Amino acid sequence: MSIHKLLPLVLFIVTANAVNKHTTTPPMGWNSYNHYSCYANETQIQSNAQALVDLGLASVGYTYVVPDCGWSAKTRTSEGKITWNETFYPSGFPALGKKLHSLGLMFGIYSGAGTWQCHPEGANYLIQASLGHEKEDAQTFSDWGGDYLKYDNCWADGKNFVVYYPNETDPSARFRKMATEIDAVPRDFVYGICQWGVGNNLERWASKIGNNWRMSNDITNAWHSIFRITNQVVPLARYSKPGGYNDMDMLMVGNGVLTPEESRTHFSIWAMEKSPLFIGAALENNLLDADALKIFSNKEVVAINQDLLGRAAELVRRFSEEEYDVWAGPLAGDGMVVAVINWGATERNITINLPDVGIQSAKKARDVWAATDLDGLDTTYSALIPSHGVKLLRLEGLTKAGEYTGKIGSDGTAFKNVYAFTSSSNYTITITPATASRVSLIIDGKNPITRPVSRSGIITDVSLSAGLHELRVSSRTKSLRLALSDFSKEYQDAPASLSFNVDSTISGSKVVDVSYINYDLSFDKAWSGEGLNVLNATFSVNGGKGKTWRFPISGQSWEEVGTMRIELDGFRNGRNVVNITGVEGKMIVKGVEIWG
Ligand code: GAL
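Please read all numbers here as calculations on a predicted model, not as lab measurements.

A. Representation of the domain arrangement of the protein in the model. Segmentation of the protein into domains returns domain 1 (28–55 + 63–265 + 276–295), domain 2 (314–400), domain 3 (404–482) and domain 4 (497–594). If you average the C-alpha positions of domain 2 and of domain 3, the two centres end up 27 Å apart. Across the contact, seven residues belong to domain 2 and five residues belong to domain 3. For the domain 2 and domain 3 pair, buried surface summed over both sides reaches about 450 Å², with 59% attributable to carbon and sulfur atoms. Considering only the side of domain 2, the residues that lose the most area to domain 3 are Asn 353, Gln 360 and Thr 379, jointly responsible for 58% of the buried surface there. Inspection of the domain 2/domain 3 interface yields zero salt bridges. Seen at the junction of domain 2 and domain 3, the total is three residue pairs in polar contact (both at pLDDT 80 or more). The class makeup of the residues in the side of domain 2 that touches domain 3 is one nonpolar, four polar and two charged.

As structure tokens, this is what we get:
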């Protein structure tokens, strides 16, 4: 094929990949907004940039410096170019860019897909943004040495400060326009979309054009804000990939309100969700407290954020009345991060079951914040976790859930800590090697049951109540695998009465996957703390005491169903009735899948 014919193909490939060439890990840096609002000036930006270097933060990876809102002038130059406010930035933006580059830092520029910048003074302070000027502004930002563009969403229709969904003019078109223009300039920009996640299907359009996309309303300097944003990232976590990240907003660590525990939890969540990490505290004039500096400088936590797999941790289990969550996600090289978050107001000992995060054991386990290696973990993990605190674990050498190695004795083989996640008589046990055509199984030291073993070592229909058991097999057996037969789970569409009949051949607690929709985004209520992006529903079995769960946002529209795993106690042998009551607000329960 001649070069002439190849050229369009090459160009096409380059354009199609344009988004991912900007960054392979979440961007890290410093942004002025959380501390200086829209009033930062040149001296402050420069001294914070200098402090990034002096405090060693630049060498940890915090290199993008973004003067947020407030920098542009009210009017454009006579040639129609956007320009800076000369009172705040007397030396000008090109000089600022040079200064940052001379410090080894990168220059982030803030603008927006609206007529004016977002500004707390609203219509009393209208300063230039980029809607309708995308081409010339992209060129200007490139001429000034820009490396990052944070692109906001106010005044989208030129008349209203915030145009609420569904009246907002199509954000994807406005943000795409600027993406095309910054891809056309000679400098390589990281493109940060700041549309706050209002409207439908944010990730579907934003991931095609941006490197990171704000998925919630602004963080505020309050603990409830951390819970609110975390509940909104739940359905988006699975989309995180190298070069495309959910942006949970700039960090509040170091801004004087969150306690050290809360700050570590906040930082851990942002890190494991692969959110960009932008420090939002003042660093100049020794204003940063020692705890905050230690948090930002924790290289092991930062390494979880910068992990090359780029995958975010997902909410695996939520215990709402007990006020804790378990999150887990994969890391490059077969490792895994697990976070146990104590949302409650008291310090508690919390035990998690490792099969709930998909593993049976880990040869290596690191308590990341304590910077200590634990003995390998097997089946369960317990820790005392302070109020609003977190246990962040990095695990390696993983064995899949359900795989056990036994201790061979003269009377057979003992398997300790065999974990049944739901009460069921449909468990299947596979033993290797299968040494006999019949074996007896002793469960928890009780009456042996004698069972035939198939050629492949399979024993079916074993009854286990949810929890930990000791299993003894009457033969020499190297390993044992426990699984639940597929047919034992049953999905039921929700009837209007939200009452389900469940037949069981065993008593105890069962795991239930609840399919639901909650797209009631807390936007207006975000500031007051009333809006937490959760809606409650209460479940009871056979008329017993109800238990309540807080369901996070489920998807990217009122059409997208999410699933949350809960566990219900009080099942008995025979017919059972599960009732769901108190379904809050507009939440829809679509159905349940009862395991066992
Ligand atoms: C918001 C944005 C914030 C900050 C602010 C400036 O729209 O989400 O991160 O940039 O505007 O007023």
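That shown, we press on.
B. Here's a closer look at the pairing of strand β9 (residues 314–319). Both β9 and strand β10 (residues 324–331) contribute to a ladder of five bridges, which runs antiparallel. Directly across from Arg 317, in β10, lies its bridge partner Val 326. Counted between consecutive antiparallel strands, the loop separating β9 from β10 contains four residues, among which Glu 323 sits at a positive phi close to 60°.

C. Structural context of the pattern of salt bridges. Applying the stated rule across the entire model yields 24 salt bridges. Put simply, Glu 181 and Lys 135 hold a salt bridge, and the shortest N to O gap is 3.9 Å. Placement of Glu 181 in helix α7 (residues 171–184) and of Lys 135 in helix α6 (residues 134–143) is noted, with a sequence separation of 46 residues between them. In this structure Glu 181 comes out as buried when scored by relative accessible area, which is 10%. As a salt-bridge pair, Glu 470 and Lys 416 come within 3.9 Å of each other at their nearest N and O atoms. Pair noted here: Glu 470 is in strand β25 (residues 467–473) and Lys 416 is in strand β20 (residues 412–420), with a separation of 54 residues, a long-range link. You can call Lys 416 exposed: its relative accessible area is 57%. Among the ionic contacts, a cluster of salt bridges with common partners joins Lys 135, Lys 177 and Glu 181.

Cut-off values and rules
Residues numbered from 1 in each chain as written. Predicted model: local features only at pLDDT ≥ 70, side-chain atom pairs only at ≥ 80, totals over all residues. Heavy atoms only, no water. Domains from an automatic or database assignment. Contact = heavy atoms within 4.5 Å. Buried area = accessible area lost by both parts, 1.4 Å probe. Salt bridge = Lys/Arg side-chain N within 4 Å of Asp/Glu carboxyl O. Polar contact = N/O pair within 3.5 Å; in protein donor to acceptor, adjacent residues only side chain to side chain. Nonpolar A, V, L, I, M, F, W, Y, C, P; charged D, E, K, R; others polar. Pairing = 2+ DSSP bridges. Helix = DSSP H or I, 4+ residues; strand = E, 2+ residues; numbered from the N terminus. Buried < 20%, exposed > 50% of the residue type's maximum accessible area, 1.4 Å probe, protein only.

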